[in-house]
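Letter by letter, the chains look like this.
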2 protein chains.
Amino acid sequence: MAQKGLLTVVSGFSGAGKGTLMKRLLEKYPESYALSVSATTRRPREGEVDGREYFFVSVEEFERMIREDELIEHARYVSNYYGTPRRYVTEQMEAGRDVLLEIEVQGALLVKEKYPDALLLFVTPPSAQELERRLRGRETETEEVIRRRMRQAVTESKAIDCYDSILVNDDLETCVDEMHALLRSRHYAVERNAEFIRRMRQELAGRQDEQTDPE
Amino acid sequence: MAQKGLLTVVSGFSGAGKGTLMKRLLEKYPESYALSVSATTRRPREGEVDGREYFFVSVEEFERMIREDELIEHARYVSNYYGTPRRYVTEQMEAGRDVLLEIEVQGALLVKEKYPDALLLFVTPPSAQELERRLRGRETETEEVIRRRMRQAVTESKAIDCYDSILVNDDLETCVDEMHALLRSRHYAVERNAEFIRRMRQELAGRQDEQTDPE
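In this text the structure is predicted, and so the values were computed from the model without any measurement. (Residues numbered from 1 in each chain as written. Chains lettered and ligands numbered in written order. Predicted model: local features only at pLDDT ≥ 70, side-chain atom pairs only at ≥ 80, totals over all residues. Heavy atoms only, no water.)

Colleague: What's the story with the packing of aromatic side chains in this structure? I'm lost.
Modeller: Think of a pair of aromatic rings as described by two things: how far the centres are apart, and how the planes are tilted against each other in angle. Counting across every chain of the model gives 14 aromatic pairs over all chains. Considering the side-chain rings of Phe62 of chain B and Tyr81 of chain B, the 4.7 Å spacing of their centres and the 0° angle between planes classify their relative orientation as stacked. Of the two residues, Phe62 of chain B sits in helix 2 (residues 59-67) while Tyr81 of chain B sits in strand 6 (residues 80-85), which places them 19 residues apart along the sequence. In this pair, the class of Phe62 of chain B matches that of Tyr81 of chain B, namely buried. Chaining the aromatic ring pairs together yields one cluster made of Tyr54, Phe56, Tyr77 and Tyr82 of chain A. The positively charged end of Arg76 of chain A is found above the aromatic ring belonging to Tyr81 of chain A, 4.7 Å away from the centroid. (Phe/Tyr/Trp six-rings, centres within 6.5 Å; stacked < 30°, edge-to-face > 60°. Helix = DSSP H or I, 4+ residues; strand = E, 2+ residues; numbered from the N terminus. Buried < 20%, exposed > 50% of the residue type's maximum accessible area, 1.4 Å probe, protein only. Lys NZ or Arg CZ within 6 Å of the ring centre and 35° of its normal.)

This is the structure in structure tokens:
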């Protein structure tokens, strides 16, 4: 049953482990998934590669992409644009891969408007205590950043009801398996197998005709 | 995230391998699933055990169960009643197990009316040819029975659109894994995790209050 890929939006608290989760999912099932790369007008940081972390484009180019409807969603943070180029998403879905978009709540809702079939997935650690422990564990963040992230989590937690599914990322491998199960399952929906069902009906009716032919 | 169990109705062509599929699923995950046992007024066949294949009851008892709303659904075939006792289903769901009901299309739709959350799952072999091959492979069926089953499959195939999901039972172990993934995934729905989400919000807000307390 070869099918087109489906779109999944992944959001969650900073510190929920979304990045590691998606990286591991892609490592385990490279043929099933593709990770969308965002476009941005901010400058690349050291070590960032164009087309890997982001597509780094000029403000003029980004505004042209908005005008020509080349972005599924976009937003402006501080003085930088961020957005999801439509082309890669469409190409990967046509190739049968489920596309993962890591974006925040506002973007998620915009994607759902344009792609009602998209699954909105929220990833969370098992508790607020564990969230804070992970943020502190990074050891690269200042106290101020940790506090800001925890405040942000309060706001984000209010939006969970807009999502379709929630996964608790306690043990990474378990969560990867759950995410894979969840995303594969959508392909078993009857409406996504219309072609198979049509063929099956035709075959059954065909064998029926053979059997009732006068001998 | 301890949750109540969910209801799954399993239908499919005779010869699709539903019985083997459910048996294997229960063997692999005995803690996750329970198989509903139907009540019937027909006489037990040789080897059938009361409470295992069916609950064998009298017509008077069955009609009492109908009157007192103890059945989720029931139907009459030829001169026998068949039905799904509510009590076992409810008990198992309360214990956190997903309950599987193997019933045909009409019953499936009745269950969906009473339990809108129930998943209606249709199981099919990969082709009509394979369906016939399996029916013939049993070697216990007469030509007449095989032809009747194939005619029945034509009718049943028209009802697939009433179902939520479809699984192709080509390789048994693959199909068991797919079924498990499909049924587990329903537990990740946001609306089924309201209690976890409520607690998470509370914890996050609590930590927030601590941090903003005057020192």
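Colleague: I'm lost on the relation of the copies chain B and chain A in this one. Help?
Modeller: Mapping one chain copy onto the other needs a rotation about an axis and a shift along that axis. Take chain B, turn it by 180°, move it 0.0 Å along the axis, and it overlays chain A with an RMSD of 0.0 Å. Such a combination of rotation and displacement between the chain copies is what one expects of a two-fold axis. For chain B, the residue whose C-alpha comes nearest the rotation axis is Ala181 of chain B, separated from it by 2.3 Å. A shared interface surface links the copies, since 100% of the contact residues of chain B are contact residues in chain A too. (Least-squares fit on C-alpha atoms with pLDDT ≥ 70 in both. Contact = heavy atoms within 4.5 Å.)

Colleague: Explanation requested: the side chain of Asn193 of chain B in the structure shown.
Modeller: All names here are of chain B. Tracing the sequence through the fold places Asn193 in the loop between helix 7 (172-185) and helix 8 (194-212). At 3.0 Å, the side chain of Asn193 forms a polar contact with the side chain of Gln3. At 2.7 Å, the side chain of Asn193 forms a polar contact with the backbone oxygen of Ala189. (Polar contact = N/O pair within 3.5 Å; in protein donor to acceptor, adjacent residues only side chain to side chain.)

Colleague: What should I look at first to understand the sheet that holds strand 1 (residues 7-12) of chain A in this one?
Modeller: Backbone-to-backbone hydrogen bonds join strands into a sheet, with any given pair of strands oriented parallel or antiparallel. All names here are of chain A. Reading across from one edge, 2-7-1-8-9 is the order of the 5 strands in this open sheet, with parallel pairing throughout. For this open sheet the edge positions go to strand 2 (33-35) and strand 9 (165-168), each flanked by a neighbour on one side alone. Sheet twist, expressed as the average angle between the axes of neighbouring strands with direction ignored, equals 30°. One ladder, built from 3 bridges, connects strand 2 with strand 7 (residues 98-102); its direction is parallel. (Pairing = 2+ DSSP bridges. Axes fitted to C-alpha atoms, helices over the stretch in contact; angles between N-to-C directions.)

Colleague: Sorry if this is basic, but what is going on with the interface of chain B and chain A here?
Modeller: Many structure descriptions define interface size as the accessible area lost when the parts assemble. Between chain B and chain A, the contact holds 45 residues from the first and 45 residues from the second. Across the chain B/chain A interface, buried area totals approximately 4000 Å², and carbon plus sulfur atoms make up 62% of it. Inspection of the chain B/chain A interface yields 4 salt bridges. Taken together, chain B and chain A are joined by 17 residue pairs in polar contact (both at pLDDT 80 or more). Partitioned by chemical class, the residues of the side of chain B that touches chain A number 24 nonpolar, 9 polar and 12 charged. (Buried area = accessible area lost by both parts, 1.4 Å probe. Salt bridge = Lys/Arg side-chain N within 4 Å of Asp/Glu carboxyl O. Nonpolar A, V, L, I, M, F, W, Y, C, P; charged D, E, K, R; others polar.)

Colleague: How should I be thinking about helix 5 (residues 128-137) of chain A in this particular structure?
Modeller: Each turn of an α-helix holds 3.6 residues, which means side chains three or four residues apart point in the same direction. Inspection of helix 5 of chain A places Ala128, Glu130, Leu131, Glu132, Arg134 and Leu135 of chain A among the buried residues, and these make up the whole buried set. Just beyond helix 5 of chain A, the residue with positive phi is Glu139 of chain A, at close to 60°.

Colleague: How should the environment of Arg149 of chain A be read in this particular structure?
Modeller: Residues and elements named next belong to chain A. Its place among the elements puts Arg149 in helix 6 (residues 143-157). For Arg149 and Glu132, which are 17 residues apart along the polypeptide, the C-alpha to C-alpha distance reads 8.9 Å. Leave out the neighbours within four places in its chain, and Arg149 touches Ser14, Leu135, Arg138 and Glu141.

Colleague: Even after reading the chapter, I still don't get the environment of Ser185 of chain B, so can you show me in this structure?
Modeller: Within the secondary structure, Ser185 of chain B sits in helix 7. On the basis of relative accessibility, which here comes to 8%, the residue Ser185 of chain B falls in the buried class. A sequence separation of 150 residues divides Ser185 of chain B from Leu35 of chain B, and the C-alpha atoms of the two residues are 19 Å apart. What Ser185 of chain B contacts, discounting residues up to four positions off in sequence, is Ala181, Leu182 and Ser185 of chain A. Side-chain polar atoms of Ser185 of chain B contact the backbone oxygen of Ala181 of chain A, separated by 3.3 Å. A polar atom in the side chain of Ser185 of chain B sits 3.3 Å from the backbone nitrogen of Leu182 of chain A.

Colleague: Help me understand the sheet that holds strand 2 (residues 33-35) of chain B, please; the structure alone is not making it clear to me.
Modeller: Residue and element names in this part refer to chain B. The strand order across the open sheet formed by 5 strands is 2-7-1-8-9, and the pairing between neighbours is parallel. The open sheet has two edge strands with one neighbour each: strand 2 and strand 9 (165-168). The sheet shows a mean angle of 30° between the axes of neighbouring strands, direction not considered. The pairing of strand 1 (residues 7-12) with strand 8 (residues 119-124) spans 5 bridges and is classified as parallel.

Colleague: I keep staring at the pairing of strand 6 of chain B and nothing clicks. Help me out?
Modeller: Regular strands have side chains that alternate between both faces of the sheet. Residues and elements named next belong to chain B. Most of strand 6 sits out of view: 5 of its 6 residues are buried. Looking at chain direction, strand 3 (residues 38-40) and strand 6 are connected through 2 bridges and run antiparallel. By the bridge assignment, Ala39 is partnered in strand 6 with Gly83. With 5 bridges connecting them, strand 5 (residues 71-77) and strand 6 associate as antiparallel partners.

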